[in-house]
Amino acid sequence: MNLKLADPDRAPAFAQHYTGEGPDAPTLGAWQAISHEDGVLVTNEQRVLLTGSVLAQPAGLASIAVLVGGRMADQLRRVGPA
């Protein structure tokens, strides 16, 4: 459940005060902490996606080179050597 406090700067103190210790106690978190953790998660995901795209580019270029080379060899066989 999301709660909006009248004074957003007191959210960490509110969360700390009302978080219980038992197994059934609610776990509260300040929106600032949740926002920070989400930002860290997004940053890590962006790094993974960037690394994957950098590694995929040479594979794509190599595939295109193989296709072009194969077509050129096929055309050379059809036309014959010069």
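Everything below is about the structure shown above.
Source: prediction; values computed, not measured. Per chain, residues are indexed from 1 in the order of the written sequence. Restriction of local features to residues with pLDDT of at least 70 applies here, the model being predicted, together with a cutoff of 80 or more for giving and counting side-chain atom pairs; totals for whole chains, interfaces and linings are based on all residues. Excluded from the side-chain calculations are hydrogens and water; all other atoms, namely the structure's heavy atoms, are used.

### So, the overall build of the protein
Threshold: Put simply, DSSP marks the helices as runs of H or I at least four residues long and the strands as runs of E at least two long, and each gets a number from the N terminus on. Three labels apply to residues, based on accessible area from a 1.4 Å probe with only protein chains included: buried if under 20% of the type maximum, exposed if over 50%, partly exposed otherwise in between. The method behind every accessible area is Shrake-Rupley, applied with a 1.4 Å probe, and residues are considered shielded solely by the protein chains displayed.
Helices and strands together make up the secondary structure of the protein, namely 2 helices and 0 strands. Principal axes of the C-alpha set define a box for the protein whose edges measure 85 × 30 × 15 Å. Looking at the 82 residues of the protein, the share that counts as buried comes to 5%. When the accessible surface of the protein is summed, it comes to about 7,500 Å², and 63% of that surface belongs to carbon and sulfur atoms.

### Regarding the packing of aromatic side chains
Both the distance between ring centres and the angle between the ring planes are used here to describe each pair of aromatic rings. Rules: Note on aromatic pairs: the rings of Phe, Tyr and Trp (six-membered ring only in Trp) are paired at centre separations within 6.5 Å, and the planes decide the class, stacked below 30 degrees, edge-to-face beyond 60, tilted for the rest.
Taken as a whole and judged by the stated rule, the model has 1 aromatic pair. Measuring from centroid to centroid gives 4.7 Å for F14 and Y18, while their planes differ by 45°, and the two rings are tilted. Taken together, the residues F14 and Y18, both in helix α1 (residues 11-18) and 4 residues apart, mark about one turn of the helix. The class of F14 is partly exposed, set by a relative accessible area of 31%.

### A closer look at the environment of T19
The line we're drawing: Residues adjacent in sequence count toward polar contacts only when both atoms are side-chain atoms; beyond that, a polar contact is any pair of N or O atoms within 3.5 Å, and within protein one must be able to donate a hydrogen and the other to accept it.
Along the chain, T19 turns up in the loop between α1 and α2 (31-79). Judged by relative accessible area, T19 falls into the partly exposed class, the value being 30%. Within polar-contact distance, the side chain of T19 engages the backbone nitrogen of L28 at 3.5 Å.

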